[in-house]
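Descriptive structure summary
The lines below spell out each chain.
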Amino acid sequence: MATLAHDELIWVACPARVWRAARVLSTGDDVLSVEYEADDEVEEEGAEIPLHGKSAPKLLRRNAVLVGEGAMRYDNLTEVPELHEAAVLHALDARFRRAQIYTFTGPVLLAVNPFRSLPLYGPEQLRSFGRGGATSAAPHVYGIAARALEGICARYESQTVLISGESGAGKTETTKFVMQFLALASKPGEDRSKRHGGLSPVERQVLGSNPLLEAFGNAQTLRNDNSSRFGKYIELQFAKPAALGDDVPNPRMTGARIHTYLLEKVRVIRQQEGERSFHIFYQAIAAAQSQDSEMELEGFRGFGLDSFKYLNKQESPNEVEDFEATLAAMDAVGLSKTEVTQIFRTLAAILHLGNVTFESAGESSHVVEKGPSSPLALAAQLLGVDAQRLPTALTRRVRQTPEGSITSTLTAPKAANGRDALARHLYHAVFNYIVQRSNTTIGFQPNLSFCGVLDIFGFEFFQWNSLEQLCINYTNELLQQYFNEFIFQNETSLYEAEGIRWDAEDFPDNTTILELLHGKMEGVLPMLEEECFHVGGSSEAWCNKLVRLHERNKHFAYDKLKKGTFIIRHFAGPVTYHCTEFLEKNKDELSPDLVQCLKGSEEPFVRGLFEHLDRVFGVGQSTSDTGRGRVLKAQRYSVSGEFRQQLKELLQQIQSTQPHFIRCIKPNPKNQAFRDREATKPFFDRPSVAEQLSYQGVLAAIKVARAGFPVRFWHSEFLRGGSQRAPETGRSGRRCPEGLLAWKVALSISII
Ligand SMILES: Nc1ncnc2c1ncn2[C@@H]1O[C@H](COP(=O)(O)OP(=O)(O)OP(=O)(O)O)[C@@H](O)[C@H]1O
């Protein structure tokens, strides 16, 4: 243990603040007497800290450079001489208090959400980060977008900005700032913009697609009033200036393509207390009740929020204006009046379907309300299907067998499940339709460079974790692996340039976790998919197989007392998954009878929503007869299978680009806004920020950086520091490494 001198600055581990800044008053054999630095969240007092035993807190050496306003000098934290969790946390906290929400750690931009509009995104900032503007390396979302644009301008190389963070951390807002910058800054100079009347149609369509996606894909949740319930990757395409045939050096945005992932469609049929369904339902209901709206809104007029069982009753103030903005966005992406009408008819039909109830009669069931104004009749009319056929399709199941068709009846709960599956499917299909139509209108040409912006759900763990969380956390493992590789390459090239020896063991690596999740045959997800195709397969059987096969895997665990659960030790931390419903969710079955019924709709729009839906699940009998019996054939559709394929394509696309990383951080779990005038205390909750830094891999990236260079100084600083061990010159001239290797031992600092 290194001895600590009087007056030495240290960090003391503390549950409430993670690390507290202190100064050593005196040291003894068993205790350390310290004075804590002023902190407005914890009572100030001197303290006697035990140095041994379980209650001895961890101590870290604290560098004087971060004292007072020090953190404001470090736009890039890798310049901080001793970088570790305590220093990062302190620097982010100190900078946030001064409204500096952006900070670099190496190439990664950390963005702390202020939950309040700050004057950071005006035309002046846009100009200053733009090409030909006062080029600035300052940490800012525009700076990252500018780097990406520069990659396209200078080398015509495709780019991706990867934005991550937990719900409410600011990913969607950050995505919008990146898109705004790329649309506006790629716009040529002032004069030309006037000539062309500002934004081009493509730029207008691209920016217009945002409110549309938000209306249909976002919802109020407990963690975020405008939470994206899907992941997205938007590729913004740029033509070479020469191809535009004008004198402007900037490439101009000429197309875009939106990819969406894992829409949380279950929200359509139920929402937990305090949450809402997708915004669009509430907007349409409010508009239908308002005198101002000119839209016909068939199926919504005459109904209020209370009319629909599928909706939690929570209003929000600006619904009608938001509805008008959604209509404008629909127009911007080229949806015709007929399409818009059809979309709203389908949404109304979904809500009326939710009001259809069933009554059991033995093993069968029937629809309770049948009259001409019953929910069933309204839903059938809005969907353009026969009002007699729909109840039959909801309550019976027809199966084809070699001997002919067999009709069975469904119990009331099964009929209700079928109804909900139809509602979920209809909504998902409408959402996909809107995305595809936007893509068609905007256009995307092969072989042009693009800048992709990835705004995808962060790592999730709740009390109850199911298939959705497994898919989300799997996505995060894949992205984490990509991030690790990127940081690894960055650092190793630095080490090689400096002649530093390093050990691959020092690098964080989640490959074995990924192997557990997607390994061929024995991975958790492939095994789930396999179970879906087994006759008589079940979630419980799958869970038991997982336990048998993986109980010795260090990333897998299970609790004998909690049957039906298993634990995956993710890169970000352990998550307990409850296997109930995994199989049903993964199959996402929709009754063939309902599909046939809807395919018979007299509305081409509705028929189109079911056009590509020919999924059959499990082992079924094909119609082709070989003469020696029928061939058993499985249609291999599953939610996770499809999603894994999408992710594979996404990663291939990202890997073909130059990446830029933005890690969004939520400063406190209550979404409390930054306050600088009336309060001294902007809410920066250190424990939750530390947690986010950890599971977003920021601390791991720092660990990587420290593996070779535990302490970083500029060479000149190091020499000024008077070290006898410093070599005369650093090889690369960037930072002084070799002397630091000696220091690594000599200081034997940090963890005491
Ligand atoms: N840079 C910013 N400036 C001001 N407010 C911001 C900023 N970033 C985010 N916010 C605020 O935080 C809220 C949540 O942000 P956002 O919706 O972008 O989070 P998210 O990470 O996309 O969450 P989710 O995963 O739930 O969609 C926004 O509605 C906005 O009020």
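Each value, and the rule that gives it
- Residues numbered from 1 in each chain as written.
- Predicted model: local features only at pLDDT ≥ 70, side-chain atom pairs only at ≥ 80, totals over all residues.
- Heavy atoms only, no water.
- Helix = DSSP H or I, 4+ residues; strand = E, 2+ residues; numbered from the N terminus.
- Buried < 20%, exposed > 50% of the residue type's maximum accessible area, 1.4 Å probe, protein only.
- Areas by Shrake-Rupley, 256 points an atom, 1.4 Å probe, with all protein chains shown as cover.
- Phe/Tyr/Trp six-rings, centres within 6.5 Å; stacked < 30°, edge-to-face > 60°.
- Lys NZ or Arg CZ within 6 Å of the ring centre and 35° of its normal.
- UniProt positions renumbered as here; feature names shortened; annotations may be inferred.
- Contact = heavy atoms within 4.5 Å.
- Core = buried A, V, L, I, M, F, W, Y, C linked by side-chain atoms within 4.5 Å.
- Pairing = 2+ DSSP bridges.
- Axes fitted to C-alpha atoms, helices over the stretch in contact; angles between N-to-C directions.
- Expected span 1.5 Å × (residues − 1).
- Arc of directions from axis to C-beta.
- Near = heavy atom within 4 Å.
- Polar contact = N/O pair within 3.5 Å; in protein donor to acceptor, adjacent residues only side chain to side chain.
- Nonpolar A, V, L, I, M, F, W, Y, C, P; charged D, E, K, R; others polar.

**A closer look at the overall build of the protein chain**
A count of helices and strands for the protein chain gives 25 helices and 23 strands. By the burial criterion, 55% of the 752 residues in the protein chain qualify as buried. Entry remark: accessible area of the protein chain is about 33,800 Å², with carbon and sulfur atoms responsible for 50%.

**Comments concerning the packing of aromatic side chains**
One pass over the structure, following the stated rule, counts 23 aromatic pairs. When the centroid spacing of 6.1 Å and the interplanar angle of 45 degrees are considered together, the rings of Tyr482 and Phe661 count as tilted. Pair noted here: Tyr482 is in helix α14 (residues 467–498) and Phe661 is in strand β23 (residues 658–665), with a separation of 179 residues, a long-range link. Measuring from centroid to centroid gives 5.4 Å for Trp542 and Phe566, while their planes differ by 90 degrees, and the two rings are edge-to-face. Of this pair, Trp542 sits in helix α17 (residues 539–550) while Phe566 sits in strand β19 (residues 565–570), placing them 24 residues apart in sequence. For the pair Trp542 and Phe566, a shared accessibility class is recorded, and that class is buried. Following the ring pairs from residue to residue traces out a cluster consisting of Tyr121, Phe129, Tyr142, Phe177 and Phe181. When the ring centre of Tyr36 is taken as reference, the NZ or CZ atom of Arg20 above it lies at 3.9 Å. The side chain of Arg276 reaches across the aromatic face of Tyr282, ending 3.8 Å from its centre.

**Things to note about the UniProt feature "binding site: ATP" (unreviewed entry) in the protein chain**
This chain's UniProt record puts "binding site: ATP" (unreviewed entry) on Gly165, Glu166, Ser167, Gly168, Ala169, Gly170, Lys171 and Thr172. Its place among the elements puts Glu166 in the loop between β8 (159–164) and α4 (171–185). Ignoring anything within four residues of it in the chain, the contact list for Glu166 reads Lys171, Lys666, Gln692 and Tyr695. Within the element layout of this structure, Ser167 appears in the loop between β8 and α4. Since its relative accessible area comes to 11%, Ser167 is described here as buried. Not counting residues within four places of it along the chain, the set of residues in contact with Ser167 comprises Arg223, Asn224, Ser227 and Lys666.

**Regarding the nonpolar core**
Considering soluble globular proteins, one finds that nonpolar side chains tend to be buried as a cluster. Ranked by size, the top nonpolar core spans 202 residues in total, and within it Phe216, Phe344 and Leu347 carry the most contacts. Sorting elements by how many residues they give to this core places helix α13 (residues 412–442) first, with 14 residues. Setting aside its immediate chain neighbours within four residues, Leu347 contacts Phe216, Ile280, Phe281, Phe300, Tyr427 and Val430. Of all hydrophobic cores here, the second largest spans 12 residues; its members include Leu4, Val12, Tyr36 and Ile49.

**Some remarks on the environment of Arg20**
Along the chain, Arg20 falls in strand β2 (residues 18–27). Through-space distance from the C-alpha of Arg20 to that of His90 is 8.8 Å; in sequence the pair is 70 residues apart.

**Overview of the sheet that holds strand β18 (residues 556–557)**
Sheet strands line up and pair through hydrogen bonds in the backbone, either parallel or antiparallel. The strand order across the open sheet formed by three strands is β18-β19-β20, and the pairing between neighbours is antiparallel. Taken across any chain shown, the strands that pair with only one partner, and hence form the sheet edges, are β18 and β20 (573–578). Relative to β20, β19 runs antiparallel, the two sharing six bridges. Its bridge partner being in β20, Ile568 is matched across the sheet by Val575. Contacting β19 and β20, α14 crosses the sheet at an angle of about 155 degrees to β20.

**Here we look at helix α9 (residues 319–332)**
Helix length check: α9, at 14 residues, gives a terminal C-alpha distance of 20 Å against a target of 20 Å (1.5 Å per residue), a fit within 8%. Within α9, the full set of buried residues consists of Glu319, Phe323, Thr326, Leu327, Ala329 and Met330. All buried residues of α9 fall inside an arc of 160 degrees around its axis, so they share one side. Exposed residues on α9 whose side chains face more than 90 degrees from its buried face are Glu321 and Asp331. Lining the buried residues of α9 we find α6 (201–217), α8 (279–289) and α10 (337–354). Count one or two residues on from α9 and you reach Gly334, which has phi positive near 90 degrees.

**Remarks on the side chain of His84**
Tracing the chain through its elements places His84 in the loop between β5 (59–61) and α1 (85–97). You can call His84 buried: its relative accessible area is 8%. For His84, the residues in contact, after removing those within four places along its chain, are Trp11, Leu60 and Arg61.

**Section: α14**
Relative to the 46 Å expected for 32 residues at 1.5 Å per residue, α14 spans 46 Å between its end C-alpha atoms, a close match to the ideal helical length. In the segment just after α14, Gly499 is the residue with positive phi, at about 70 degrees.

**Describing the sheet that holds strand β11 (residues 231–239)**
Strands sit in the order β6-β7-β23-β8-β17-β11-β12 across an open sheet of seven strands; the sheet is mixed. Each of the sheet's edge strands pairs with one partner strand only, and the pair in question is β6 (102–105) and β12 (252–261). Sheet twist, expressed as the mean angle between neighbouring strand axes with direction ignored, is 20 degrees. As defined by bridge partners, β8 adjoins strand β17 (residues 449–455) across five bridges and the pair is classed as parallel. Its bridge partner being in β17, Ile163 is matched across the sheet by Asp455. Strand contacts of α6: β11 and β12, with the helix running at about 20 degrees to β12, the strand carrying the most contacts.

**Side note on the environment of Thr407**
Tracing the backbone shows Thr407 in strand β16 (residues 404–409). The spatial distance from the C-alpha of Thr407 to the C-alpha of Arg396 is 6.8 Å, given a sequence separation of 11 residues. With residues up to four places along the chain from it excluded, the contact list for Thr407 reads Arg396, Arg397 and Val398.

**Topic: the site of the ligand**
Lining the immediate surroundings of the ligand are 18 residues, of which Ser167, Lys171, Thr172, Ser227 and Ser228 lie closest. Contacts to the ligand include Ala169, whose backbone N or O atom sits 3.2 Å from an oxygen atom. Taken by itself the ligand offers 630 Å² of open surface, and the protein chains cover 86% of this. Secondary-structure elements contributing two or more residues to the shell around the ligand are α4 and β10 (227–228). Tallying contributions element by element places α4 first for the shell around the ligand, with four residues. A breakdown of the residues in the shell around the ligand according to their chemical character gives five nonpolar, nine polar and four charged.

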